[in-house]
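Summary of structural features
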Amino acid sequence: MASTTSGKIAEFRRLLANARSVLVLTGAGVSAESGVPTFRGSGGLWRQYRATDLATLTAFNRSPSLVWEFYHYRREVVRTKQPNKAHIALAEAEKRFEKEGKRFNVITQNVDGLHRKAGSKNLIEMHGNLFVVRCTSCNFIEENTSSPICESLRNRGLPDENGPEIDEKDLPHCRKCRSLLRPHIVWFGEQIWNDVLEKIEKEIQLCDLFLVVGTSSVVYPAAGYASLLSERSILVAEINIETTPSTSIANYHFHGPAAQILPQLLSTNVN
Ligand code: BJW
Ligand code: ZN
């Protein structure tokens, strides 16, 4: 049964101090206070579409123009955003743990790159990154931070405007083979990449404290990690402004915004 009292913060901090390998799973809620919309809240709508309906290969095959407009818009929004106190607390905790010879790793479902920007190094971006592209033909992968990513997307993608379809030949193309590029992101129904799954599996085996932050815990495989670890008697703590399917599994549930709670749990200068 999860505990929600603030007195539990001190108790949790003692357990954290004794942990040898901390694993943190983050979701859209960790970036909410940076101004990045979550998926399943009211911010999860773009034009008349739910974000989750556009993040599929079917949507991309039906209209690469529409899906590229959606991702172009999100790239342009995210590049204006900064890491918040939650991202920073995680990056600082990683440095401190490493200095003490202990492990501290973050698995994020977010594609916004804000953990990287905050300085997290032991980071697994399990669903990819908005600023990485992959060729639909030769699978060439590269970072691409261009703004706009191609001329035809300049001034396109606004949520309240709906221009004509962009011809496929004018969308981003591979510099190796000239085929259409797509965001290097794991869409619904697609497998998480094997190398990423291997890294996650390793961290899951090693971890002795699992922290779940700002995720609705409905999207698999990430949604399954809390119960998997709890079954192995690993301590699980959750930070969220709502209850989720992980709440009943967690030993601790800290109810509130991540940017407020995480610094209290992780920093050294709070009692
Ligand atoms: C705050 C806060 C604040 C707000 N502080 N908190 C097993 C059972 C059933 C189905 C499946 C299954 N295994 C696989 C599936 C299919 C599917 C799936 O899980 N479907 C479910 C919806 C049922 N999974 C997949 O397809 C995955 N692939 C896979 O497993 O392959 C094998 C396979 C395929 C098919 C069948 C079976 C096996 C791939 C999943 C890829 C997810 N991709 C997306 C889009 C990425 C691209 C993009 O960004 O454009 O990833 S979907 C979307 O959801 C995005 C997110 O990373 C992900 C998780 O969302 P998240 O982060 O939890 O956000 P929200 O908005 O849902 O929640 C925010 C939370 O924050 C809320 O709780 C708020 O309360 C909280 N919050 N402000 C703290 N300030
Ligand atoms: Zn190519």
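First things first, this report covers the structure right here in the doc. By convention here, each chain's residues receive numbers from 1 onward along its written sequence. Both sets of labels track the order of writing: A upward for chains, 1 upward for ligands. Selection of residues for local features in this predicted model requires a pLDDT of at least 70, selection of side-chain atom pairs for listing and counting requires 80 or more, and totals for whole chains, interfaces and linings are taken over all residues. Hydrogens and water are ignored here; the side-chain numbers use all heavy atoms of the structure.

1. Here we look at the overall build of the chain
A run of H or I in DSSP counts as a helix once it spans at least four residues, and a run of E counts as a strand once it spans at least two, with each numbered from the N terminus. Counting secondary structure elements, the chain contains ten helices and eleven strands. We compute the radius of gyration from the C-alpha atoms alone; for a globule the expected value is 2.2 Å times N to the 0.38, where N is the number of residues. Relative to its length of 271 residues, the chain is compact, with a C-alpha radius of gyration of 19 Å against a globular reference of 18 Å. On the principal axes, the C-alpha backbone points of the chain span a range of 60 × 35 × 30 Å. Counting the 271 residues in the chain, one finds 54% classified as buried. Partitioning the contacts of the chain with sequence separation of at least 6, the portion at a separation of at least 24 is 69%. All accessibility values rest on the Shrake-Rupley procedure with a 1.4 Å probe; residue burial counts only the protein chains present in the view. Per element, the accessible surface of the chain, about 13000 Å² overall, is 49% carbon and sulfur. Counting rule for charge: Lys and Arg are taken as positive, Asp and Glu as negative, and neither His nor the chain ends is counted. Charge positions come from single atoms, namely NZ of Lys, CZ of Arg, CG of Asp or CD of Glu. Positive and negative charge centroids in the chain, built from 32 and 29 side chains respectively, lie 4 Å apart. For each residue, the accessible area found with a 1.4 Å probe, counting protein chains only, is set against the maximum for its type, and the residue is called buried under 20%, exposed over 50%, and partly exposed in between. Contacts are assigned to residue pairs that have any heavy atoms within 4.5 Å of one another.

2. Concerning the site of ligand 1
As a matter of local geometry, ligand 1 sits amid 34 residues, with Arg-40, Tyr-71, Arg-74, Glu-190 and Ser-216 nearest to it. Any pair of nitrogen or oxygen atoms within 3.5 Å is treated as a polar contact; in protein, a donor-acceptor pairing is required on top of that, and neighbouring residues in sequence qualify only through side-chain atoms on both sides. At 2.9 Å, a side-chain N or O of His-127 approaches an oxygen atom of ligand 1. A distance of 3.1 Å separates an oxygen atom of ligand 1 from a polar atom in the backbone of Gly-214. Isolated, ligand 1 exposes 1500 Å² of accessible area, and the fraction of that covered by the protein chains is 78%. The cavity where ligand 1 resides is the largest pocket. In terms of residue class, the shell around ligand 1 is built from 17 nonpolar, twelve polar and five charged. What marks off one domain from the next here is an automatic or database domain assignment. Counting contributing residues, the shell around ligand 1 receives three or more from each of domain 1 (1-36 + 83-127 + 192-271) and domain 2 (39-80 + 129-185). We call a residue near a molecule or strand whenever a single non-hydrogen atom of that residue lies within 4 Å of it. Cavities and pockets were defined on a 1 Å grid built over protein atoms only: a cavity is a set of grid points that admits a 1.4 Å probe from which the probe cannot escape, a pocket is an open set flanked by protein on both sides within 12 Å along at least five of seven lines, and lining residues are those with an atom within 4 Å of any such point. Just a note on the criterion: a molecule sits in a pocket or cavity if more than half of its atoms are within 2 Å of the grid points. Under the scheme applied, nonpolar residues are Ala, Val, Leu, Ile, Met, Phe, Trp, Tyr, Cys and Pro; charged residues are Asp, Glu, Lys and Arg; polar residues are all the others, including Gly.

3. Some points on the coordination of the zinc ion (ligand 2)
Only nitrogen, oxygen and sulfur atoms qualify as donors, provided they sit within 2.8 Å of the metal or within 3.2 Å for Na, K and Ca; with water excluded from the atoms, sites may seem incomplete. In this structure, Cys-135 (SG), Cys-138 (SG), Cys-174 (SG) and Cys-177 (SG) serve as the protein donors to the zinc ion (ligand 2), at separations of 2.3 Å. Angles of 97 to 116° at the metal separate the four donor atoms of the zinc ion (ligand 2), which places the site in the tetrahedral class. When the donor residues of the zinc ion (ligand 2) are listed from N- to C-terminus, their spacing reads C-x2-C-x35-C-x2-C. A residue is classified by how much of its surface remains accessible, and Cys-174, at 0% relative accessible area, is buried. By relative accessible area, which is 30% here, Cys-177 ends up partly exposed. By the criteria applied here, four donors are tetrahedral when all angles lie between 85 and 135 degrees, four are square planar and six octahedral when opposite donors are over 155 degrees apart and every other angle lies between 65 and 115, and any other arrangement is irregular.

4. Digging into the packing of helix H6 (residues 85-99) against helix H10 (residues 258-266)
The axes are straight lines fitted to the C-alpha atoms, using for helices just the contacting stretch, and the angles between their N-to-C directions are given from 0 to 180°. Contact geometry for H6 and H10: axes closest at 7 Å, N-to-C directions at 20°. With respect to H10, the element H6 is oriented roughly parallel. The way H6 lies across H10 gives a crossing that is left-handed. Contacts from Lys-85, Ala-86, Ala-89, Leu-90, Ala-93 and Arg-96 in H6 reach Ala-258, Ala-259, Leu-262, Pro-263 and Leu-266 in H10. For the contact of H6 with H10, the class distribution of residues is nine nonpolar, no polar and two charged. For this classification, under 35 degrees means roughly parallel, over 145 means roughly antiparallel, 65 to 115 means roughly perpendicular, and everything else is oblique. Crossings are classed by handedness, with left-handed meaning an anticlockwise turn of the near helix from the far one by less than a right angle and right-handed meaning a clockwise turn.

5. Details of helix H5 (residues 64-78)
Note: α-helices contain 3.6 residues per turn, so residues at a spacing of three or four share the same orientation. Between the first and last residue of a helix there are one fewer steps than residues, each counted as 1.5 Å, and that sum is the expected span. Taking 1.5 Å per residue, 15 residues should reach 21 Å; H5 reaches 21 Å between its end C-alpha atoms and fits that length. The buried count for H5 comes to twelve of 15 residues, which makes it a mostly enclosed element. Within H5, burial applies to Pro-64, Ser-65, Leu-66, Val-67, Trp-68, Glu-69, Phe-70, Tyr-71, His-72, Arg-74, Arg-75 and Val-78.

6. Points about the pattern of salt bridges
In what follows, salt bridge is the name for a side-chain nitrogen of Lys or Arg lying within 4 Å of a carboxyl oxygen of Asp or Glu. Taken as a whole and assessed by the stated rule, the structure comprises twelve salt bridges. When the shortest N-O distance is used, the salt bridge between Glu-142 and Arg-175 registers 2.8 Å. Separated by 33 residues along the polypeptide, Glu-142 in strand E7 (residues 141-143) and Arg-175 in the loop between E7 and strand E8 (181-185) bring together distant segments of the chain. Under the relative-accessibility criterion, Glu-142 is labelled partly exposed at 22%. With relative accessibility at 54%, the residue Arg-175 sits in the exposed group. Between Arg-182 and Glu-190 there is a salt bridge, with the nearest N and O atoms lying 2.8 Å from each other. Sharing partners across several salt bridges, the network here consists of Arg-47, Glu-69 and Arg-156.

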